[in-house]
Amino acid sequence: MLEKLSSNDFNPEEDEIEIADKIAEFNDPRTTSQLIAIIKKKDDFYDALPPARALGKMKNVSIDSIKELLYDTDPKCRACGIFSLSFLQDEEFIPYLFSVLNDPNEHVRQSAISTLAGYGNWIIPLLEEHLRSADPKKRVSIIGIIGRIKDPESAKILLHLFLNDEYSEVSDEALIYFLSSQGQYAYSELLKSIQDFTNE
């Protein structure tokens, strides 16, 4: 199965995600170094995701092996290490994930955003702290995380940013996530906001 994941030939008959999940089920620690080698060998980030998935889903995966990817000079490896973390949701890595939100590589940034959002609504207070950053680009990244957490508090924060942030890129991003991802929470927050406005 590892050979199938390491191949660069696309085979529509093979489901690479299914193969990755089977490798993870075997839970053999000896495959860890092989999975890392496959990730490093792949030319494309998306081709490297199935072995990164297998690595993250292994029950006895060594955190050190994932750290090897997180601190690699190749952004593809860093992004894959972050993707592996999304299956573990280990709180130890939250500071690292926040630190790479300004990484120059898009895959690294987006992987960090998705992984942080996967922690769920308990991380919202931490996100609010980071929203106090003077850097609008950092606030835009935080909005991407908040926008993926479907929660009344997320909707409230996004609406507040849309209405109050002085930077258009921040307020525009907040509005996009507010309308596209918050569903019923967005509707109820909009109603409250309209009622508050008419009561003034």
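Heads up: these notes are all about the structure in this document. A quick note: this is a predicted structure, and the numbers were derived from the prediction, not measured. (Residues numbered from 1 in each chain as written. Predicted model: local features only at pLDDT ≥ 70, side-chain atom pairs only at ≥ 80, totals over all residues. Heavy atoms only, no water.)

Section: helix 3 (residues 31–41)
Threshold: Exposure classes here rest on a 1.4 Å probe applied to the protein chains alone. A residue is buried below 20% of its type maximum, exposed above 50%, and partly exposed in between. Secondary structure is summarised from DSSP: a helix means a run of H or I of at least four residues, a strand means a run of E of at least two, and numbering begins at the N terminus for each. Here the arc refers to the directions that run from the helix axis out to each C-beta atom.
Here helix 3 has its buried residues at T31, T32, L35, I36, I38 and I39. Along the long axis of helix 3, the arc covered by the buried residues comes to 160°, so they all point the same way.

Digging into the pattern of salt bridges
We count it as follows: We define a salt bridge as a side-chain nitrogen of Lys or Arg found within 4 Å of a carboxyl oxygen belonging to Asp or Glu.
Under the counting rule described, the total for this entry stands at 12 salt bridges. K67 serves as the salt-bridge partner of E92, at 3.2 Å between the closest nitrogen and oxygen. With E92 in the loop between helix 6 (75–88) and helix 7 (94–99) and K67 in helix 5 (residues 63–70), the pair connects residues that are 25 residues apart, well separated along the chain. What makes K67 partly exposed here is its relative accessible area of 28%. Here the salt bridges do not stand alone but share partners, grouping D21, R53 and K57 into one network.

Digging into the state of the cysteines
Disulfide: a covalent bond formed between the sulfur atoms of two cysteine residues. Heads up, the rule is: Any two cysteine sulfur atoms lying within 2.5 Å of each other are counted as a disulfide.
Under the counting rule described, the total for this entry stands at 0 disulfides. No disulfide involves C77; its sulfur sits 6.7 Å from the nearest other cysteine sulfur, which is in C80. With relative accessibility at 2%, the residue C77 sits in the buried group.

What to know about the side chain of K76
To keep things clear, this is the line we draw: Every residue pair with non-hydrogen atoms within 4.5 Å of one another is taken to be in contact.
Positionally, K76 belongs in helix 6. The residues contacting K76, other than those within four sequence positions of it, are I39, K40, K41, K42, D43, D44, F45 and A48.

Observations concerning the packing of helix 3 against helix 4 (residues 45–57)
The condition that has to hold: Note on geometry: axes are lines fitted to C-alpha atoms, helical ones only across the stretch in contact, with angles between N-to-C directions running from 0 to 180 degrees. To sort the angles, those under 35 degrees are grouped as roughly parallel, those over 145 as roughly antiparallel, those from 65 to 115 as roughly perpendicular, and the leftovers as oblique. Crossing handedness follows the turn of the near helix against the far one: under a right angle anticlockwise gives a left-handed crossing, and clockwise gives a right-handed one.
For the pair helix 3 and helix 4, the least separation of the axes is 9 Å and the interaxial angle reads 155°. If you check the angle between helix 3 and helix 4, you find them roughly antiparallel. When you trace helix 3 past helix 4, the crossing you get is left-handed. Across the interface between the two elements, T32, L35, I36, I38 and I39 from helix 3 touch A48, P51, A52, A54 and L55 from helix 4.

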